[in-house]
Amino acid sequence: MRLVLVSAIALQAFVFAPAAYAAGGGSGAAPKPTNTTKKCLFGRVYDKDAGRCVKPDKTNFTQDELYEAVRELAYDGQLENAQNILRIMDQNDDRVQTYWGFTYRKMGELELANVFYSNAIETNPDNILARSYMGQGFVAEGKTDLAIAQWREIKARGGEGSWAEASLREAIRTGLTYNY
């Protein structure tokens, strides 16, 4: 009996795991607040080397550092500031296209968001995060059939059990979407 209870608890933790995971490539913790969101204003990013908040550009941060700043700002609700950083990044990067979609979806611009998600998926058909976010937008619009199609694509592309798959599955089940 005890083993069954432990297994049930473990299964329940997995089923409700989406709330604990975030978007960084589809599996990982929600971005932890750094000095970028704790100390910086007006979309500036904390530069560890300089020891201060600076206006980000391609010369003082790597693409990955800029991406992490975008994630953190978007998670913090600073969508316009996240978009300002996206503007200076490589527009052909499917992660950048995904976050353009994410920020527009959170701003209520679902059609524009879907354009960016579609571009991300065209660039990288295995971008399960873009598929998950697009599916969550479909859930918000009441287009459950399209959300289920994206969920199936995620599973078909090896994403079963990932944050992207589990969060979309949960959104389809509950009608609630995720902010990261």
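Trainee: Which residues make up the nonpolar core, and what values do they have?
Mentor: Among the nonpolar cores identified, the biggest contains 39 residues, and Val70, Ile85, Leu86, Met89, Tyr99, Tyr117 and Tyr133 are the most heavily contacted of them. Put simply, the parts of the chain that give this core at least two residues each are α3 (63–75), α4 (79–87), α5 (94–106), α6 (110–123), α7 (128–141), α8 (144–156) and α9 (163–174). Among the elements that make up this core, the one with the highest residue count is α7 (seven residues).

Trainee: Residue-level account of unusual backbone geometry, with values.
Mentor: Positive phi values are uncommon outside glycine, yet Phe42 reaches one of about 60°. With respect to the secondary-structure elements, Phe42 resides in the loop between α2 (35–38) and β1 (45–47).

Trainee: Got a sec to walk through the environment of Gln97? Specific residues and values, please.
Mentor: By secondary structure assignment, the location of Gln97 is in helix α5. With a relative accessible area of 8%, Gln97 lands in the buried category. Between the C-alpha atoms of Gln97 and Ile121, which are 24 residues apart in sequence, the distance is 8.9 Å. In this structure, Gln97 is in contact with Gln91, Asn92, Phe116, Asn119, Ala120 and Thr123, ignoring residues within four places of it in sequence.

Trainee: I'd like a description of the side chain of Asp93, backed by residues and values.
Mentor: As for its placement among the helices and strands, Asp93 is situated in the loop between α4 and α5. Within polar-contact distance, the side chain of Asp93 engages the side chain of Gln63 at 3.5 Å.

Trainee: Provide a residue-level description of the packing of α6 against α7, including the pertinent values.
Mentor: For the pair α6 and α7, the least separation of the axes is 9 Å and the interaxial angle reads 155°. It follows that α6 is roughly antiparallel to α7 by the angle criterion. α6 and α7 meet at a crossing whose hand is left-handed. Touching Leu110, Asn114, Tyr117, Ser118, Ala120 and Ile121 of α6 are Ala130, Arg131, Tyr133, Met134, Gly137, Phe138 and Glu141, all from α7.

Trainee: Give me the layout of surface pockets: which residues, what numbers.
Mentor: By volume, the largest pocket is sized at about 380 Å³. As for the largest pocket, its lining consists of 16 residues, of which Val45, Tyr46, Lys48, Phe61 and Glu65 are closest to the centre. Contributing elements (two or more residues each) for the lining of the largest pocket: α2, β1 and α3. Class assignment of the residues belonging to the lining of the largest pocket gives a composition of five nonpolar, four polar and seven charged.

Trainee: With reference to specific residues and values, describe the packing of aromatic side chains.
Mentor: With the rule as written, the count across this model stands at nine aromatic pairs. When the ring of Phe102 is compared with that of Tyr133, the centres are 4.8 Å apart and the planes differ by 45°; the resulting orientation is tilted. Separated by 31 residues along the polypeptide, Phe102 in helix α5 and Tyr133 in helix α7 bring together distant segments of the chain. Ring geometry for Tyr133 against Trp163: centres 6.0 Å apart, planes inclined by 75°, an arrangement best described as edge-to-face. Here the residue Tyr133 occupies a position in helix α7, and Trp163 occupies one in helix α9, the gap between them amounting to 30 residues.

What counts as what
Residues numbered from 1 in each chain as written. Predicted model: local features only at pLDDT ≥ 70, side-chain atom pairs only at ≥ 80, totals over all residues. Heavy atoms only, no water. Core = buried A, V, L, I, M, F, W, Y, C linked by side-chain atoms within 4.5 Å. Buried < 20%, exposed > 50% of the residue type's maximum accessible area, 1.4 Å probe, protein only. Helix = DSSP H or I, 4+ residues; strand = E, 2+ residues; numbered from the N terminus. Contact = heavy atoms within 4.5 Å. Polar contact = N/O pair within 3.5 Å; in protein donor to acceptor, adjacent residues only side chain to side chain. Axes fitted to C-alpha atoms, helices over the stretch in contact; angles between N-to-C directions. Parallel < 35°, antiparallel > 145°, perpendicular 65-115°, else oblique. Left-handed = near helix turned anticlockwise from the far one by under 90°. 1 Å grid on protein atoms, 1.4 Å probe; cavity = no way out; pocket = protein on both sides within 12 Å on 5 of 7 lines; lining within 4 Å. Points joined across faces, edges and corners; volume = space filled by probe spheres on them. Nonpolar A, V, L, I, M, F, W, Y, C, P; charged D, E, K, R; others polar. Phe/Tyr/Trp six-rings, centres within 6.5 Å; stacked < 30°, edge-to-face > 60°.

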